[in-house]
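Chain and residue survey
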Amino acid sequence: MKTYNISTDDFDPDILNEPSGKNNKNNSTKKKEKNPSAFISFFKDKRTHIFLGILMLVAAVYLLIASISFFSTGDADQSEVLNHGITQLGAQPSAIKNSAGPLGAYLSNLLMTEWLGIGSFVLIFYLAAIGLTLVKLYRFSFWSLTLRCLILAITVSVVTGLLTLDSTSSLFLGGKHGHYTNMYLLNMTGFWGMMGANIILISLVILIYFNDIRCIYLKYRHTIDTRREHLLREAEEREAEKAKVEESLRGSILDNKDENDGRSTENEFLGFDEETETINDDDRVIPSTEDDEENIIIKSQDETDENQEITISGDVEMSVTAPVIEKATEINTDIYDPTAELSRYKFPSIELLHERQVKENSVDQQEQEENKERITKTLNDYGIPISHIKATVGPTVTLYEIIPAEGVRIAKIKRLEDDIALSLAALGIRIIAPIPGKGTIGIEVPNKEPQTVSIRSIISSRKYQECKYELPMAMGSTISNDVFIADLAKMPHLLVAGATGMGKSVGLNTIITSLLYKKHPAELKFVLIDPKMVEFSLYSKLERHYLAKLPDEEEAIITDPSKVVATLNSLCVEMDNRYNLLRDANVRSIKEYNAKFTAKRLNPEKGHRYLPYIVVIVDEFADLIMTAGKEVETPIARLAQKARAVGMHMIIATQRPSTNVITGIIKANFPGRVAFRVTQMVDSKTILDRTGANQLIGRGDMLFSRDGEMDRVQCAFIDTDEVESICECIDEQIGYDHAYLLPDYIPEAGDSGSMGSISDRDVLFEEAARFIVTSQTASTSSLQRRYSIGYNRAGKIMDQMEAAGIVGPSQGGKPRQVLVDSLQLERMLEIM
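This structure is a prediction, so every number in the text was calculated from the model and none was measured.

On to the packing of helix H15 (residues 561–585) against helix H16 (residues 590–598), then. With their axes 10 Å apart at the nearest point, H15 and H16 run at an angle of 60° to one another. Here H16 runs oblique to H15, going by the angle between their axes. The two elements H15 and H16 cross, and the hand of that crossing is left-handed. Facing H15, whose interface residues are Arg 578, Leu 581, Leu 582 and Ala 585, H16 presents Ile 590, Tyr 593 and Lys 596.

This is the structure:
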């Protein structure tokens, strides 16, 4: 076998992969393959988008000027445009009156006469809207914008074509399209058929733009109401300030009255009989007193036009003309309301949810007695006497509580699980021995006709309506038919697992819905990560109300695994920023911080702000682990360990609860667990650290573990159309201008780059590199034996040599490949 020494400077790995006779052919093929990707990347470049956007905006403005000028110069220019081509018009620019020149006259005649007439203004708007979207000044949905503008342009052209239908002029308001369309309808359907077609088009436009018109009206109403409230608040402040001025003047006038009384007595004693006394002090005139009443007029010469008359009544009636006092700064002592910006927001109505019929007695008394007898007989057959048995009927299972006779070991009953299931002919039973807090043993038997628990019955329940939890999750109904509600803020994170089709996705929708019915958009934000791309797509309508995303992202629902890493790291940055705010405010939790901020004890100019709760929901976590691995697990572990105090909580769902997906770090930081039915006992132990999930019956039947307690719950069912109705109800209301923006995340330099740097290089690097090249054995164990160092240090040296290009990547148990010879190594060390 021959050994080739190839320099890293002129190394081309593609040459080694193909026979030498095909190199030229392959190179030409690669060039052909690169061209399409280069062409596509050119149009995906942001600079290309900005250039095209500016080009479209300029073209739209130019066409707008030309079209507007057409209405005053169209008659004069039309003969020139019809008799001469565009090239001949350029030779005689003085004959054209259009403000946009010969080209503008030609294009405006094309739009206004030959095409859609006034409807062409919609096309100009469409061009401008696409330009604004490309330069990211405003975001329009391409297909929605295209369809709406097309229908509106055609409608405007046809409807305005009616106005000039009988005109003898060659200029039509709706263009030739609108004119000839109406003529065709008139000839084919008559006058009323033509009018009916126009009414249908107008109705179609109204239906399409109804929500937009309604949103504009609601925004207008919101602006007017906000301004009115602001004016009323200013008026109240002026009244309060006026009362303060009156109070201060009242005190000063009473003091002056005492002085004037003494002065009047002195004047009578000295023999003065003038009615008034003039005092040249600050140009003020004080009339003398008469009887018990006194009128005092204080007048400022410089501020005569800005005076305000104040009347003070009491023991002394006064008419005072004083200048208006304006506040330098307004001090508002009211409590800050974070929901004020969306003060008109209304929570979704309960009527959006379906009301499902529920059978009151899914298990009749006869069936209960039969099951009791079978359980008692089975236990007696194995020598286990029963002193008492009681049944509690739930929506999907019935709990039979038994009290065994004295001296019976619990372990003996647990071993009879399969025998009891056989005697009852049940799908699968679960024995709880003993029931926590009770001196009984529970046997859960599935009902023959399981009932569906509707989300409406849970949301409308008194327990949910009066719930004071920070983040209430209305999960469903327990065995005793009680509404089960958990507080995510106290958990603080939740792990959801279950096999496919067992109700995991419905459970996530139930959690989101219960939060939407309780929390205002200012108090809660969601970060939804959906690798399957279809589970959370309905919630994209909540972007302006409830969703959070990175600043540069177009879609608020994250589906690309490469963007998941950036989003999770951005959440870590948000977590650190929030901790800095809590430290500056001298508080320990988000609840204390928000209470301090709403009480206006924190200065917004110093960076303080109201902090909404952030709930991160990750669906199909196993897929993310397969694609991103540690890059996803590390930020999730950081958030799970620290984010509770700053109001950031995580819900992770997976259908493959294996140990390489739900690792020890994940389990240690997710105390809340929800287990739907799984197929294997080992999966149940992975989720709950105990068996039981493998004995569930599916269809929303789940075990909820928190604080060491286990509850069996039938998850509430919510259908897709109910979720869609809720999202549409929220989307129709006024929202924020954009989604809640997470901080930008700037990734750090990779580890491979830092390993090769001189500052981080091990002191044994050069000597170890010479040893590896000389011996042609590149393994960590050889470095350990040679230099008597530990495995970690030897592995780090080997990674540094890989980063420097001296050895190849790891090949499992085999030694690494040595890529350089001794001469090349010395040249590399000199350069380094």
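Alright, that's what it looks like, and here's the rest.
Moving on to H15. Here H15 is 25 residues long and its end C-alpha atoms lie 36 Å apart, about the 36 Å a rise of 1.5 Å per residue gives. Downstream of H15 by a residue or two, Asn 586 has a phi angle that is positive, lying close to 60°.

Right, let's talk about the confidence of the model for the chain for a bit. Put simply, the chain has an average pLDDT of 79, and 80% of its residues get 70 or more. Every residue in residues 1–34 scores below 50 in pLDDT, and together they form 13 contacts with partners more than four places removed in sequence or on other chains. Below a pLDDT of 50 lies the segment residues 749–757, which in the model reaches 7 contacts outside its immediate sequence neighbourhood of four places, other chains included.

The pairing of strand E9 (residues 472–478) with strand E18 (residues 709–715) spans 3 bridges and is antiparallel. Looking across to E18, one finds that Thr 478 is bridged to Val 713. Sheet topology note: the strand E17 (residues 701–706)/E18 ladder contains 6 bridges and is antiparallel. Looking at the pairing, Phe 704 lines up with Asp 711 of E18. Between the end of E17 and the start of E18, which pair antiparallel, lie 2 residues, with Asp 707 showing a positive phi angle near 55°.

Our focus in this paragraph is the packing of aromatic side chains. A complete count under the given rule lists 13 aromatic pairs for this structure. Seen in terms of ring centroids, Tyr 345 and Phe 347 are 5.5 Å apart; in terms of plane orientation they differ by 80°. Their pairing is edge-to-face. The exposure class of Phe 347 is partly exposed, given its relative accessible area of 37%. Cluster of aromatic residues (ring-pair linked, three or more members): Tyr 345, Phe 347, Phe 526 and Tyr 546. Sitting over the ring of Tyr 464, Lys 518 keeps its end group 5.4 Å from the ring centre. Its end group placed over the ring of Phe 765, Arg 761 keeps NZ or CZ at 4.7 Å from the ring centre.

So, on to H16. Each full turn of the α-helix corresponds to 3.6 residues, which orients residues three or four apart in the same direction. The complete set of buried residues in H16 reads Ile 590, Tyr 593, Asn 594, Lys 596, Phe 597 and Thr 598. Tucked into the core, H16 has its buried residues touching H15 and strand E14 (613–618). The first or second residue beyond H16 is Lys 600, which carries a positive phi of 60°.

Pairing within the open sheet is antiparallel, and its 4 strands lie in the order E5-E6-E8-E7. Two strands lie at the open edges of the sheet, namely strand E5 (386–393) and strand E7 (430–432), each paired on one side alone. Averaged over all neighbouring strand pairs, the angle between strand axes comes to 20°, with direction disregarded. Where E7 meets strand E8 (residues 441–446), 3 bridges bridge the pair, whose relative direction is antiparallel. Residue pairing in the sheet places Ile 431 in a bridge with Ile 443 of E8. Contacts from helix H9 (residues 365–381) reach E5, strand E6 (397–404) and E8 within the one sheet, and its direction differs from that of E5 by about 145°.

What follows covers the sheet that holds E9. Taken together, 9 strands build an open sheet; the order of strands is E10-E9-E18-E17-E16-E11-E15-E14-E12 and the sheet is mixed. A single partner strand is all that each edge strand has here, and the edge strands are strand E10 (483–487) and strand E12 (524–529). Averaged over all adjacent pairs, the angle separating strand axes in this sheet is 25°, with direction ignored. Where E12 meets E14, 6 bridges bridge the pair, whose relative direction is parallel. Directly across from Phe 526, in E14, lies its bridge partner Val 615.

When the charged atoms of two side chains with opposite charge come close together, those side chains can pair. Summed over all chains, the structure comprises 30 salt bridges. Note that Arg 356 is salt-bridged to Glu 722, the shortest N-O span being 3.4 Å. Separated by 366 residues along the polypeptide, Arg 356 in the loop between strand E4 (318–323) and H9 and Glu 722 in helix H21 (residues 720–731) bring together distant segments of the chain. Notably, a salt bridge pairs Asp 701 with Arg 712, separated by 2.5 Å at the nearest N-O pair. In this pair, Asp 701 is assigned in strand E17 and Arg 712 in strand E18, connecting sequence segments 11 residues apart. There is no split in this pair, since Asp 701 and Arg 712 are both buried. One network of salt bridges, with partners in common, ties together Arg 430, Glu 444, Asp 701 and Arg 712.

The next point concerns the side chain of Asp 487. Mapped onto the elements of the fold, Asp 487 is located in strand E10. This buried residue, Asp 487, is left without a salt bridge; Lys 490 holds the nearest opposite charge, at 4.7 Å. A polar contact is formed between the side chain of Asp 487 and the backbone nitrogen of Leu 471, at a distance of 3.1 Å. When near neighbours in sequence (up to four residues on either side) are disregarded, Asp 487 contacts Tyr 469, Glu 470, Leu 471 and Pro 472.

Packing of helix H24 (residues 780–787) against helix H25 (residues 791–804) leaves a shortest axis separation of 9 Å and a crossing angle of 120°. Overall, the two elements H24 and H25 adopt an arrangement that is oblique. Remark: the crossing between H24 and H25 carries right-handed chirality. Where H24 approaches H25, its residues Thr 780, Leu 783 and Gln 784 are matched on the opposing element by Tyr 791, Ala 794, Gly 795, Ile 797, Met 798 and Met 801. Partitioned by chemical class, the residues of the contact of H24 with H25 number 6 nonpolar, 3 polar and no charged.

Parameters at a glance
- Residues numbered from 1 in each chain as written.
- Predicted model: local features only at pLDDT ≥ 70, side-chain atom pairs only at ≥ 80, totals over all residues.
- Heavy atoms only, no water.
- Axes fitted to C-alpha atoms, helices over the stretch in contact; angles between N-to-C directions.
- Helix = DSSP H or I, 4+ residues; strand = E, 2+ residues; numbered from the N terminus.
- Parallel < 35°, antiparallel > 145°, perpendicular 65-115°, else oblique.
- Left-handed = near helix turned anticlockwise from the far one by under 90°.
- Contact = heavy atoms within 4.5 Å.
- Expected span 1.5 Å × (residues − 1).
- pLDDT = per-residue confidence, 0-100.
- Pairing = 2+ DSSP bridges.
- Phe/Tyr/Trp six-rings, centres within 6.5 Å; stacked < 30°, edge-to-face > 60°.
- Buried < 20%, exposed > 50% of the residue type's maximum accessible area, 1.4 Å probe, protein only.
- Lys NZ or Arg CZ within 6 Å of the ring centre and 35° of its normal.
- Salt bridge = Lys/Arg side-chain N within 4 Å of Asp/Glu carboxyl O.
- Lys, Arg positive; Asp, Glu negative; His and termini not counted.
- Polar contact = N/O pair within 3.5 Å; in protein donor to acceptor, adjacent residues only side chain to side chain.
- Nonpolar A, V, L, I, M, F, W, Y, C, P; charged D, E, K, R; others polar.

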